[in-house]
Each structure stands twice: as structure tokens, then as C-alpha cells.
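Structural characterization, general
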Amino acid sequence: MSKQMRRLGTRFIQNPKKVHMFLLLGFCMTARVGTELSAAEHKSLPQFDRVVIDANFPGGYQVEVADVNGDGRLDIVGLGGGTCAWYENPTWKKRIVTSPKETPRIISSATADLDGDGKAEIAIAYEFEMNEPKLGRLLLASQDGTDTWKVTPIAQLPSIHRLRWGDVDGDGRRDLVVAPIFGPQSLPPAFQQDNAHIVFFRTGSNPKAGRWTAERIGERPVLHAIEVRKANGGDVVLTADNLGVGRFQHGPQGFSSKDLSPGAAGTAPKRGSSEVHLGKLSDGRVFLATIDPWHGQDVSVALSASAPAEGHETEGPFAERTVIDNGIKEGHALWVADVDGDGDDEVFAGYRGPGTSVIAYDFNGHEWTRSVLDPAIAAQDLRGGDIDGDGTPDVVAIGGSSHNIIWYRPRK
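Residues numbered from 1 in each chain as written. Predicted model: local features only at pLDDT ≥ 70, side-chain atom pairs only at ≥ 80, totals over all residues. Heavy atoms only, no water.

Let us look at the overall build of the chain. When its secondary structure is counted, the chain shows 0 helices and 32 strands. Counting over 412 residues, the chain shows a buried share of 58%. Counted over contacts in the chain with a minimum sequence separation of 6, partners at least 24 positions apart contribute 51%. For the chain, the exposed area adds up to about 16400 Å²; of that, 49% sits on carbon and sulfur atoms. (Helix = DSSP H or I, 4+ residues; strand = E, 2+ residues; numbered from the N terminus. Buried < 20%, exposed > 50% of the residue type's maximum accessible area, 1.4 Å probe, protein only. Contact = heavy atoms within 4.5 Å. Areas by Shrake-Rupley, 256 points an atom, 1.4 Å probe, with all protein chains shown as cover.)

Structure, rendered in C-alpha cells:
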């Protein structure tokens, strides 16, 4: 597929009173994707306020947007370098949840109010070691005071890598989906000896006690990311792995699996998909947004053939993926959100390699346009939510080698 990149330039406006920077979107590239839509109602991407939440967070790896203290406002949870911390909206005061003493080699978190008391709990995965897949632990951090947290060990889980909350068995209670990256017998450099074994935990009537029970979901090779989505009969789990994008759903006979998209070709482990999120277009169709292959260079979309019924968005079939950018370096962050209000989700991607790190892709009814959002963060993760309560979703990134957490607020 031919692509053309056109540099428009980037302009920065500094306001010292607000201690943050405004970024005017700069680069643009286009690529055809799927059936054309009417562009009559399309809105261009807004400009974004760049709000620095933390300028000194060494080893940043994952970020979440969640209401931690139950005040109805979305806070930010960041982790990396052994530390999990949360930042209180709107002052962004930093509070430590766990330190390297409790959670060495921290890798993932999942935040939710499990018992309905208005205060969130945080499941934390730690003791992750890429070349030692037999290592891995899970704990639950619960609020034990204004600034203190109690940690409860839950389980040892080899190669633990991604955590997400959902109701995968359809019983009305939250389950914790746990996805390792490799199987425990896997060895570098290909990590193909053993598939990653996906499980979910039922947390019971007293989640804070930590007496959780695990059940198998399925397995995939070199599983880098998961997304849990609402569906009829219980939430489904989407996987981004060396087979591409897979789908697991619970039913009367247990979990069934389905391949949705093959991802990129290549030699293990550099094949398939590395990140996945489900987006939607204004005509009702949905799409799989992916980074391909593992830690790869492609940002891709795969469109559904038609507009699915509610609760069936993840069933497919999906068309062959279309690469909308093949120039990212060590892609590691992905998000979708409709920040311009035109009914089409934008795709946001970030990478931790050298060069520009957070990019937005906007579907204008005919093609995807590429805009640089932030050239000053080595993004390891992207999340979103309406942080300022203005009705428009925001985006948050965490940087690894850049040691920062940034909130991108669309300007109206």
C-alpha cells in the first residue's frame, strides 16, 4: 500500500500560569480504509491541552483512569519501577499505593470498587521477568485509611502480564481476567515452547479477604494485551497475540474461542498483534484497532462487514486489516475514543522507541489522517475517560524512558 507523509510543522504555546503546554497538531498522513462514508458531518480533530500529571515517574509502564476515592471524578493510576501511585482529581496530588518493597518488577494493575463501599481496590501484578516466565505474583491493594493501603497476596501466576476487570461468566459480579505473556516453559528468543494460559478469578462475596478461585479461559502464543468488552451473556476477552486477535466467550460448555484477525506475518515472536481495542464508526460498523506485530511498527484497523447488533460487536467477521501507519518504533500503547464528537472513534497510538511517541488517527469519511499529538513522551500505555467532566473523552499516556504521565485534554 502506498502512503504519503506530509510535514506541516508543530507549534508550541507556553502558559506559565497553568504550568502546561498547548500542542498544535502537526504531522499528517493518509491511507484508504474500507468502504467510503459521507464526509459531510466530519469534524476536524480539536487542539489539545497538554497537562503534566507527573514529570518524574521513573520506569512508567501502565496508566489507568478510574475513580479511586469515590468522589465521582476520574483519577489517574500509574505504575512502573516497582511503584503504584494514584493522582487525585483535580489537584493531582500523588499518593503511593505500593512501593518497590511490596511490588518489585511491577507490570500491570486493574482498579475497581469491588465491594461497593465507594473506595476502589487495585489488583496488581508484579515480579514479572521477561526471560524467566515461571515468575509472577498477584495481590490486591485495598484502602486502609486516607493515605495507606493494605496488600493481600492472591496467587502466584507465571509470566503474569495484563489484568482487566469484567464479568466474563455473566453472574453479575466482577471477575479479574489475568493474561500471562508466555507459557511457563517458554524460552527466548522465540518463546514458542508453551502458550500463555489465560485465567479469570472469581472474587467471591468478600473480595478483600483474598480467597479467590481461578478458572481457565484458554491459551494463546506470546499474548501481549487483552481487552474485556461487554457482550450478550457475559463479557468477552479480546487477545492480541502471535496469532493476531482472538476472542474468548463463556457459554454453557465453558469458554469458546474464535480468531478475528491474523495480524502481521513474520517469524515468532515478531508476528501477529501486540495491542488491540474495539472502535466504532458513525454508520454503526465497528473496527479492530491493533499494533502489529509484537512490539511492532504497524498501526492497523480491520472493519466489520456491517453494523452489528448491540451485544454482538466482537463477533465479526472483520475485513482484512489495513495498515494506516507503518512508521512507529516499538509500538506499545493504543486507545480509541471519539474526541471530536463526529461519531467516529479516533485511534491513538504510542511507541517507546526513538522519535515521536503519541499519534492520533482520524477517519474523515474516506481515509485516516495522521496527526502528531506529543513528541515528548516515550509512551508505554494509553487510556482515556472524561476526566474534567465536560462530556468529551480525554486521553492519558505514561512514558517509560521519558519518566512522565501526561493528560491530553481536547479543547472545545
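Pairing is antiparallel in the open sheet, where 4 strands are placed in the order E10-E11-E12-E13. Two strands close off the open sheet at either side, each with one partner strand: strand E10 (108-112) and strand E13 (149-156). On average, each strand axis in the sheet is inclined to that of its neighbour by 20°, with strand direction left out of account. Pairing geometry for E10 and strand E11 (residues 121-126), over 5 bridges, is antiparallel. If you follow Ala110 over to E11, its bridge partner there is Ala123. (Pairing = 2+ DSSP bridges. Axes fitted to C-alpha atoms, helices over the stretch in contact; angles between N-to-C directions.)

This part is about the nonpolar core. Leu138, Leu163, Leu176, Val178, Phe201 and Trp212 are the most contacted members of the largest nonpolar core, which has 38 residues in total. For this core, the element with the highest residue contribution is E11, accounting for 5 residues. Setting aside anything within four residues of it in sequence, one finds Val178 in contact with Leu138, Leu157, Ile160, Arg162, Leu163, His197, Ile198, Val199 and Phe201. Val299, Ile324, Tyr351 and Ile359 belong to the second largest nonpolar core, which has 18 residues in total. (Core = buried A, V, L, I, M, F, W, Y, C linked by side-chain atoms within 4.5 Å.)

Time to look at the sheet that holds strand E17 (residues 213-220). The antiparallel open sheet is built from 4 strands, whose spatial order is E14-E15-E16-E17. Bordering the open sheet on either side are strand E14 (160-166) and E17, each of which pairs with just one other strand. Strand-to-strand twist across the sheet, computed as the mean angle between neighbouring axes with direction ignored, equals 20°. Both E14 and strand E15 (residues 175-180) contribute to a ladder of 6 bridges, which runs antiparallel.

Once that is clear, we can look at the packing of aromatic side chains. The tally for this structure, following the rule as stated, stands at 10 aromatic pairs. Ring centres of Phe48 and Phe348 lie 6.5 Å apart, and the angle between their planes is 85°; on these two criteria the pair is classed as edge-to-face. On the criterion of sequence distance, the pair formed by Phe48 in strand E5 (residues 48-54) and Phe348 in strand E27 (residues 346-351) is long-range, its members being 300 residues apart. The class of Phe48 is buried, set by a relative accessible area of 2%. When the centroid spacing of 3.9 Å and the interplanar angle of 0° are considered together, the rings of Phe182 and Phe191 count as stacked. Residue classification places Phe182 among the buried positions, given a relative accessible area of 1%. A network of ring pairs unites the aromatic residues Trp165, Phe201 and Trp212 as a single cluster. Over the ring of Trp407 we find Arg409, and its NZ or CZ is 4.8 Å from the ring centre. (Phe/Tyr/Trp six-rings, centres within 6.5 Å; stacked < 30°, edge-to-face > 60°. Lys NZ or Arg CZ within 6 Å of the ring centre and 35° of its normal.)

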